[in-house]
Amino acid sequence: QVQPVESGGGLVQPGGSLRLSCHASRMITSTFNSNAMAWYRQAPEKQREFVASITRSGTATYADSVKGRFTVTRDNANKKIYLQMNTLKPEDTAVYYCNHLSYPGIWGQGTQVIVPS
């Protein structure tokens, strides 16, 4: 499998910070480095939405809703991407997933982020 493993979620007060990790543990290095990786999130009873992506060379793209607050980074040697989330808001509450752009139907179990309102 190439299914990634997301971790690092939790309960954080508004204005707080959290760092999520995505480990492509079952993906070989050449595959991991062949394309961009991305973060998505899905709130209860809502559609999954794009959060951020990062190319194999490290160029990042962000959704307008998180721009200026979130930072995505990449560790190619360890086949990981991260999402540093600052100034968290209640609307950031969701299950966060990562995905390889060459495998659009392959998702991990996700990691839950809760920001109370």
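The rules behind the values
Residues numbered from 1 in each chain as written. Predicted model: local features only at pLDDT ≥ 70, side-chain atom pairs only at ≥ 80, totals over all residues. Heavy atoms only, no water. Helix = DSSP H or I, 4+ residues; strand = E, 2+ residues; numbered from the N terminus. Buried < 20%, exposed > 50% of the residue type's maximum accessible area, 1.4 Å probe, protein only. Areas by Shrake-Rupley, 256 points an atom, 1.4 Å probe, with all protein chains shown as cover. Lys, Arg positive; Asp, Glu negative; His and termini not counted. Charge placed at Lys NZ, Arg CZ, Asp CG, Glu CD. Pairing = 2+ DSSP bridges. Phe/Tyr/Trp six-rings, centres within 6.5 Å; stacked < 30°, edge-to-face > 60°. Core = buried A, V, L, I, M, F, W, Y, C linked by side-chain atoms within 4.5 Å. Contact = heavy atoms within 4.5 Å.

Caption draft 1: Local environment of the overall build of the protein chain. A count of helices and strands for the protein chain gives one helix and ten strands. Sequence-ordered secondary structure for the protein chain, helices as α and strands as β, is β-β-β-α-β-β-β-β-β-β-β. Here the C-alpha coordinates of the protein chain stretch approximately 40 × 25 × 20 Å along the principal axes. A buried classification covers 41% of the 117 residues belonging to the protein chain. Here the protein chain displays about 6,100 Å² of accessible surface, and carbon together with sulfur accounts for 48% of that area. Side-chain charges of the protein chain comprise 12 positive and 7 negative groups, with the mean position of each set lying 8 Å from the other.

Caption draft 2: Looking closely at the sheet that holds strand β5 (residues 49-54). Taken in spatial order, the six strands make up an open sheet running β2-β10-β9-β4-β5-β6, and their pairing is mixed. Every other strand in the sheet has two partners, leaving β2 (10-11) and β6 (60-62) as the edge strands with one partner each. In the sheet, β5 pairs with β6 via three bridges, with the strands oriented antiparallel. Each residue of the ladder has a partner; that of alanine 52, found in β6, is tyrosine 62.

Caption draft 3: Local environment of the packing of aromatic side chains. The full count for this structure, using the stated rule, is three aromatic pairs. Seen in terms of ring centroids, tyrosine 40 and phenylalanine 50 are 5.7 Å apart; in terms of plane orientation they differ by 80°. Their pairing is edge-to-face. One end of the pair, tyrosine 40, is in strand β4 (residues 37-42); the other, phenylalanine 50, is in strand β5, with ten residues separating them in the sequence. For the ring pair tyrosine 40 and tryptophan 107, a centre distance of 5.2 Å and an interplane angle of 90° mean the geometry is edge-to-face. Within this pair, whereas tyrosine 40 is found in strand β4, its partner tryptophan 107 is found in the loop between β9 (94-100) and β10 (111-114), the two being separated by 67 residues in sequence. Tryptophan 107 gets classed as partly exposed once you look at its relative accessible area, which sits at 23%.

Caption draft 4: Quick peek at the nonpolar core. With 27 residues, the main nonpolar core has Trp39, Leu83, Met85 and Tyr96 as its most contacted residues. Elements represented by at least two residues in this core include exactly β3 (18-23), β4, β5, β7 (70-75), β8 (80-85) and β9. Discounting chain neighbours no more than four positions away, the residues touching tyrosine 96 are Glu6, Leu20, Trp39, Tyr40, Arg41, Val51, Phe70, Leu83, Met85, Gly110, Thr111 and Val113.

Caption draft 5: Quick peek at the pairing of β8. Two elements, β3 and β8, share six bridges in a ladder whose sense is antiparallel. Bridge pairing links serine 21 to tyrosine 82 in β8. Where β7 and β8 come together, six bridges link them in antiparallel fashion. Along β8, the bridge assignment pairs aspartate 75 with lysine 80. Joining the antiparallel neighbours β7 and β8 is a turn of four residues, in which lysine 79 adopts a positive phi near 55°.

This is a description of form; function is not addressed.
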